Amino acid sequence: RKAYGDMLRIAPQGAIAKPDGSFRAIHDAAHSPAVNPNMRVRGQVRYPRGGEARTVLGRCAGQPGVTWGLSADVSKAHRRFKHLESEWGLLACKLEDDDEVWLNTVGTFGVGCASYLWSRLFAIPAGFALELAGLCPLFQLVCADDTNWIGKGREGIRNIVMMLFVLCVFGTPLTWPKLQGGFSYPWVGMELDLTGHRLGISLSRSVWLSDWIKGMLDKQGVLVRDI
């Protein structure tokens, strides 16, 4: 308190179960500490989704050569950038019945500026890799920490692999089991068919949506917060 004064905000903690049995810690910066509501981000962040992917596939359909793609995911991306030491007090937490206070010093899941600051950090290696590709016929779509490269022909494939190598040179901690690609693969809830240059919803997302709708029909109602 002597170091941070009013800048010391101790937030509740939660956890979300992950498919592999581990948990993701959640820092509730929105309610009692009121960090998120008082945040003023200096610029917007726009992430590519269906509209951009559809435009890319349309461009690729009109060019010679096969269309090939690769997607990669960064491990714990929201923890990869450092906060200023003067802001650490805003990211405080503590265990129940314990007076010791813990301070997050890097990006924290649940704090609203994580996506903004991560995008600024990741723009450095991603932008550098794109510059090295030059005028090669390829596209780089970055949605948060999910990168999707789509290229044309042998030159496009070669440069996609080169760009992946550049990220590794920068020390980007990729989640290698999630690396996928080829002529048909899912990306951020969508399924890309690069042979027919088509775009649709992924199988896992469509199954989730179908099951959710069936559950709501069985209950004959839905809570607003679930929507």
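Refer to the structure printed above.
The structure contained in this document is the topic of the report that follows. Everything numeric in this text was worked out from a predicted model, so none of it was measured. (Residues numbered from 1 in each chain as written. Predicted model: local features only at pLDDT ≥ 70, side-chain atom pairs only at ≥ 80, totals over all residues. Heavy atoms only, no water.)

Let's talk about the side chain of Asn-148
- Examined against the element boundaries, Asn-148 turns out to sit in strand β7 (residues 146-152).
- A polar atom in the side chain of Asn-148 sits 2.7 Å from the side chain of Tyr-185.
- The residues touching Asn-148, leaving out its near neighbours within four places in the chain, are Leu-70, Ser-71, Phe-139, Gln-140, Leu-141, Tyr-185, Trp-187 and Leu-192. (Helix = DSSP H or I, 4+ residues; strand = E, 2+ residues; numbered from the N terminus. Polar contact = N/O pair within 3.5 Å; in protein donor to acceptor, adjacent residues only side chain to side chain. Contact = heavy atoms within 4.5 Å.)

Thoughts on the sheet that holds strand β6 (residues 138-143)
- Spatially, the four strands line up as an open sheet ordered β6-β7-β3-β8, and their pairing is antiparallel. What marks the edges here is a single partner per strand, and that holds for β6 and β8 (180-182). The sheet shows a mean angle of 10° between the axes of neighbouring strands, taken without regard to direction.
- One ladder, built from six bridges, connects β6 with β7; its direction is antiparallel. Opposite Leu-141, over in β7, you have Asn-148 as the bridge partner.
- Contacting β3 (67-73), β6 and β7, helix α1 (residues 50-61) crosses the sheet at an angle of about 170° to β6.
- Sheet strands touched by helix α2 (residues 114-133): β6 and β7. Its angle to β6, the strand with the most contacts, is close to 175°. (Pairing = 2+ DSSP bridges. Axes fitted to C-alpha atoms, helices over the stretch in contact; angles between N-to-C directions.)

Considering the layout of surface pockets
- A volume near 1400 Å³ is recorded for the largest pocket.
- Around the largest pocket sit 43 residues that line it, and Lys-18, Arg-24, His-78, Asp-145 and Lys-178 are the ones nearest its centre.
- Secondary-structure elements contributing two or more residues to the lining of the largest pocket are β1 (13-17), β2 (23-27), β3, β5 (101-103), α2, β9 (184-187) and α4 (203-219).
- A per-element tally of the lining of the largest pocket places β2 first, with five residues.
- Per-class residue counts for the lining of the largest pocket are 20 nonpolar, 13 polar and 10 charged.
- As for the second largest pocket, its lining consists of 19 residues, and the residues nearest its centre are Met-39, His-83, Glu-87, Cys-113 and Leu-117. (1 Å grid on protein atoms, 1.4 Å probe; cavity = no way out; pocket = protein on both sides within 12 Å on 5 of 7 lines; lining within 4 Å. Points joined across faces, edges and corners; volume = space filled by probe spheres on them. Nonpolar A, V, L, I, M, F, W, Y, C, P; charged D, E, K, R; others polar.)

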